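Chain residues, written in single-letter form:
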There are 2 protein chains.
Amino acid sequence: MAETDALPVVRSVAALRQTLSDWRRQGFTVGFVPTMGALHEGHLTLVREAGQRADRVVASVFVNPAQFAAHEDLGTYPRQEARDAELLAGAGCHLLFAPSVEEMYPAGATTTISVGGPAEGLEGEFRPQMFGGVALVVTKLLNQARADVAVFGEKDWQQLMVVRRLVRDLDIPTEIVGSPTMRDGHGLALSSRNAYLSEAELEVARQLNGVLAAAGAAAASGGSLDVVERDAREALLRAGFSHVDYVAVRRADDLAVFEGGVADAPGRILAAAWLGRTRLIDNMAVAAPS
Amino acid sequence: MAETDALPVVRSVAALRQTLSDWRRQGFTVGFVPTMGALHEGHLTLVREAGQRADRVVASVFVNPAQFAAHEDLGTYPRQEARDAELLAGAGCHLLFAPSVEEMYPAGATTTISVGGPAEGLEGEFRPQMFGGVALVVTKLLNQARADVAVFGEKDWQQLMVVRRLVRDLDIPTEIVGSPTMRDGHGLALSSRNAYLSEAELEVARQLNGVLAAAGAAAASGGSLDVVERDAREALLRAGFSHVDYVAVRRADDLAVFEGGVADAPGRILAAAWLGRTRLIDNMAVAAPS
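- You'll find chain A entered in an unreviewed UniProt entry as Pantothenate synthetase, with Brevundimonas denitrificans given as the organism.
- In its Catalytic activity (unreviewed entry) section, UniProt records this for chain A: "(R)-pantoate + beta-alanine + ATP = (R)-pantothenate + AMP + diphosphate + H(+)".
- What the UniProt record of chain A gives under Subunit (unreviewed entry) is the line "Homodimer."

Structure follows, in structure tokens:
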């Protein structure tokens with residue numbers, strides 16, 4: 001076990017299990033925060049949330065190749081373990097699990113998981129390999145850690161719903177907690193990929209949140225969802241986004257298309273849009289303006 | 001918790017987890033034997049094996065609809081819970097988990113698992129839905145029970161290899177143990193489906209084991225696998241089997257076809273054959289005659 005600025009780091013599943021087993025023998029409950037590193041204040045909120053709910057917190061940093069397509073940014077995704085470890089320690093994390101790709105995916109693995117339901121459409125349409133990769137790595141990490149509770153960000157809302165479904169369907173004995181999206185002073189959802197943005201792109205990115213809030217309010221007020229979604233897409237392009245993958249108002253829990261009106265069930269508005277070569281996502285509850 | 005001839009029975013996942021959590025608090029290790037009921041001496045050997053390896057043994061009886069195709073024998077598969085409970089108690093089992101279909105598969109479940117590798121071909125070819133169903137129910141049961149060790153019969157050799165791969169690939173923290181096939185005095189592998197056989201069919205069924213042993217010996221002696229498999233298939237039909245799904249000599253661990261000779265890796269000969277409407281399977285190690 002190596003130390004990085006006072007935060008213990010383990011790199012093997014066996015070492016992770018040993019530490020967690022020691023904790024449990026001492027009667028500690030365990031909270032878990034899986035990340036892909038490149039940590040920002042949003043991740044640290046998850047760590048603090050886990051610390052509120054469990055005696056000991058373990059975070060993982062693993063850039064999961066299984067959830068990237070060949071053309072995506074696996075190679076350039078920011079990696080900064082020493083800084084991540086420092087930030088985690090400051091947020092009250094007790095252990096960093098930072099496995100290699102070989103440790104997570106030994107040669108000869110063949111099992112795949114398909115979550116269906118909330119994994120279909122939206123991100124599942126534009127990044128067809130993602131949720132299979134997420135389901136596999138989350139199942140592995142939760143089985144490795146056997147934590148009492150795991151915290152995921154609402155920033156990746158569809159992923160959170162996919163993880164909830166996965167954990168329920170496979171009876172994984174870990175409570176899944178969603179933590180609200182952290183935003184900068186302009187409402188931009190914090191994301192590791194914001195680091196890719198130029199100053200000019202950052203100005204555009206900061207309008208995503210406002211466009212979604214207005215569209216969500218229009219939907220909550222009874223606007224036709226088709227019209228609301230089309231208007232929001234056009235607003236994003238006018239704001240300077242280069243391309244919009246989707247803007248969609250969906251049922252919040254299973255991401256299904258509303259058959260009746262948005263009053264039938266809690267709703268969520270979700271979007272994915274591009275600024276040059278950077279793809280941003282955001283989402284929020286659909287609620288009438290207060 | 002109901003009692004059946006002194007064996008406690010739980011029917012909900014919550015009740016199962018409560019009992020197992022109590023056991024663990026008392027420092028007991030837990031062994032698990034998943035079954036579809038209709039127990040015979042082969043199952044009881046698995047229970048005794050689990051009892052050798054853990055302080056407490058829980059068995060499940062659940063006829064898993066997910067692993068039967070529409071035309072298969074789900075409806076007629078023998079169900080005899082009171083007798084099963086009595087047999088389990090006699091073999092040293094401490095708890096029976098007998099959930100309903102609704103308890104195991106709540107409405108709205110969408111997740112599926114594909115193991116690939118050892119699940120491809122043989123049973124995977126003739127019963128295409130089976131290993132997906134097995135993978136799902138085994139993952140759920142192992143996550144529900146979180147046992148230290150689970151015992152599976154070598155009678156279902158391919159299933160045992162599929163479960164080993166599944167557990168390794170998903171990092172399920174349960175040790176998987178295979179237990180040798182129990183046979184009657186004539187070498188017939190014990191199976192719940194033997195109950196379907198008439199006296200005349202039973203006489204034929206008892207030749208399966210000998211045909212496979214001879215074919216395995218021929219393969220081990222360097223015979224062409226194509227010829228060995230064809231000869232064994234013909235021998236089964238001559239013996240009175242109505243149809244042979246497959247006789248195959250494969251690598252024992254991943255069920256892959258041998259590229260070189262059988263000396264390259266441990267081998268297994270496996271077969272599935274029909275007697276009227278009853279389908280029997282058997283397998284054994286490929287080893288030179290002693």
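From this point, the discussion proceeds with the structure in view.
1. Some remarks on the UniProt feature "binding site: beta-alanine" (unreviewed entry) in chain A
Residues and elements named next belong to chain A.
Reasoning step 1: Mapped onto this structure's residue numbering, the UniProt feature "binding site: beta-alanine" (unreviewed entry) falls at Gln67.
Reasoning step 2: Structurally, glutamine 67 can be placed in the loop between strand E4 (56–61) and helix H3 (81–90).
Reasoning step 3: Residues within four places of glutamine 67 in sequence aside, it is in contact with Met36, Glu72, Arg127, Gln129, Met130, Gly133, Val134, Val137 and Gln159.
Reasoning step 4: Among the polar contacts made by the side chain of glutamine 67, one reaches the side chain of asparagine 64 at a distance of 2.8 Å.

2. Describing the interface of chain B and chain A
Reasoning step 1: Contact residues are listed per partner, giving 27 residues for chain B and 27 residues for chain A.
Reasoning step 2: Taken together, both faces of the contact between chain B and chain A bury some 2200 Å²; the carbon and sulfur share is 42%.
Reasoning step 3: Considering only the side of chain B, the residues that lose the most area to chain A are Thr111(B), Arg146(B) and Asp171(B), jointly responsible for 26% of the buried surface there.
Reasoning step 4: Viewed at the interface, chain A and chain B are joined by two salt bridges.
Reasoning step 5: Its salt-bridge partner being Asp171(B), residue Lys140(A) comes within 2.8 Å of it at the nearest N-O pair.

3. Considering the packing of aromatic side chains
Residue and element names in this part refer to chain B.
Reasoning step 1: Across all of its chains, the model carries six aromatic pairs over all chains by this definition.
Reasoning step 2: Ring centres of phenylalanine 68 and tyrosine 77 lie 5.9 Å apart, and the angle between their planes is 75°; on these two criteria the pair is classed as edge-to-face. Each member of the pair, phenylalanine 68 as well as tyrosine 77, is classed as buried.
Reasoning step 3: Positioned over the ring face of phenylalanine 28 is arginine 56, at 3.9 Å from the centre of the ring.

4. So, the UniProt feature "active site" (unreviewed entry) in chain A
Residues and elements named next belong to chain A.
Reasoning step 1: Feature annotation in UniProt assigns "active site" (unreviewed entry) to the following positions: His43.
Reasoning step 2: Locating histidine 43 in the fold gives a position in helix H2 (residues 41–53).
Reasoning step 3: Beyond its immediate chain neighbours, meaning those up to four positions away, histidine 43 contacts Thr35, Gly37, Ala38 and Ser192.

5. Side note on the domain arrangement of chain A
Residue and element names in this part refer to chain A.
Reasoning step 1: Looking at chain A, the domain boundaries give domain 1 (7–179) and domain 2 (192–284).
Reasoning step 2: Look at where the C-alpha atoms of domain 1 and domain 2 centre, and you get two points 26 Å apart.
Reasoning step 3: Opposite the 22 residues of domain 1 that make contact, domain 2 presents 17 residues.
Reasoning step 4: Of the roughly 1700 Å² buried where domain 1 meets domain 2, counting both sides, 53% is carbon and sulfur surface.
Reasoning step 5: Contact with domain 2 buries area across many residues of domain 1, yet Leu122, Phe126 and Trp157 alone supply 37% of it, more than any other trio.
Reasoning step 6: The interface formed by domain 1 and domain 2 contains three salt bridges.

6. Here's the deal with the pattern of salt bridges
Reasoning step 1: One pass over the structure, following the stated rule, counts 34 salt bridges over all chains.
Reasoning step 2: Arg193(A) is the partner of Asp73(A) in a salt bridge, and the nearest nitrogen-oxygen pair spans 2.9 Å. Residue Asp73(A) is found in the loop between E4 and H3, and its partner Arg193(A) is found in the loop between strand E8 (175–179) and helix H8 (199–205); the two are separated by 120 residues along the sequence.
Reasoning step 3: Its relative accessible area of 17% is what places Arg193(A) among the buried residues.
Reasoning step 4: One salt bridge in this structure joins Arg168(B) and Asp169(B), with 3.8 Å as the shortest N-O distance.
Reasoning step 5: Take Asp169(B): its relative accessible area is 5%, and that puts it in the buried class.
Reasoning step 6: What you see here is one network of salt bridges that share partners, running through Glu49(A), Arg53(A) and Glu175(A).

7. Here we look at the relation of the copies chain B and chain A
Reasoning step 1: Each copy of the sequence occupies a distinct position, and chain B is placed on chain A by a rotation of 180° and an axial shift of 0.0 Å, giving an RMSD of 0.0 Å. A rotation of that kind, with that shift, is consistent with a two-fold axis. Residue Ile113(B) of chain B places its C-alpha closer to the rotation axis than any other residue of that unit, at 2.3 Å.
Reasoning step 2: Same-surface contact between copies: 100% of interface residues of chain B are shared with the interface of chain A.

8. Thoughts on helix H7 (residues 157–169) of chain B
Residues and elements named next belong to chain B.
Reasoning step 1: Helix length check: H7, at 13 residues, gives a terminal C-alpha distance of 18 Å against a target of 18 Å (1.5 Å per residue), a fit within 8%.
Reasoning step 2: H7 sits mainly inside the fold: eleven of its 13 residues count as buried.
Reasoning step 3: All of the buried residues along H7 are Trp157, Gln158, Gln159, Leu160, Met161, Val162, Val163, Arg165, Leu166, Val167 and Asp169.
Reasoning step 4: Aspartate 171 lies just past H7 and shows a positive phi near 55°.

9. What to know about the side chain of Asn143(A)
Reasoning step 1: With respect to the helices and strands, Asn143(A) occurs in helix H6 (residues 130–145).
Reasoning step 2: Excluding residues that lie within four positions of it along the chain, Asn143(A) makes contacts with Arg17(A), Asn143(B), Leu170(B), Asp171(B), Ile172(B) and Pro173(B).

10. Quick look at the environment of Gly153(B)
Residue and element names in this part refer to chain B.
Reasoning step 1: With respect to the secondary-structure elements, glycine 153 resides in strand E7 (residues 149–153).
Reasoning step 2: When its relative accessible area of 18% is taken as the criterion, glycine 153 is described as buried.
Reasoning step 3: As a C-alpha pair, glycine 153 and arginine 11 span 142 residues in sequence and 24 Å in three-dimensional space.

11. A few points about the packing of helix H1 (residues 13–25) of chain B against helix H6 (residues 130–145) of chain B
All names here are of chain B.
Reasoning step 1: The geometry of H1 relative to H6 is characterised by a closest axis approach of 9 Å and an angle of 45° between their N-to-C directions. When the axes of H1 and H6 are compared, the pair comes out oblique. Residues Val13, Leu16, Arg17, Leu20 and Arg24 of H1 pack against Asn143, Gln144 and Ala145 of H6.
Reasoning step 2: Per-class residue counts for the contact of H1 with H6 are four nonpolar, two polar and two charged.

Thresholds, definitions, all that
Residues numbered from 1 in each chain as written. Chains lettered and ligands numbered in written order. Predicted model: local features only at pLDDT ≥ 70, side-chain atom pairs only at ≥ 80, totals over all residues. Heavy atoms only, no water. UniProt positions renumbered as here; feature names shortened; annotations may be inferred. Helix = DSSP H or I, 4+ residues; strand = E, 2+ residues; numbered from the N terminus. Contact = heavy atoms within 4.5 Å. Polar contact = N/O pair within 3.5 Å; in protein donor to acceptor, adjacent residues only side chain to side chain. Buried area = accessible area lost by both parts, 1.4 Å probe. Salt bridge = Lys/Arg side-chain N within 4 Å of Asp/Glu carboxyl O. Phe/Tyr/Trp six-rings, centres within 6.5 Å; stacked < 30°, edge-to-face > 60°. Buried < 20%, exposed > 50% of the residue type's maximum accessible area, 1.4 Å probe, protein only. Lys NZ or Arg CZ within 6 Å of the ring centre and 35° of its normal. Domains from an automatic or database assignment. Least-squares fit on C-alpha atoms with pLDDT ≥ 70 in both. Expected span 1.5 Å × (residues − 1). Axes fitted to C-alpha atoms, helices over the stretch in contact; angles between N-to-C directions. Parallel < 35°, antiparallel > 145°, perpendicular 65-115°, else oblique. Nonpolar A, V, L, I, M, F, W, Y, C, P; charged D, E, K, R; others polar.

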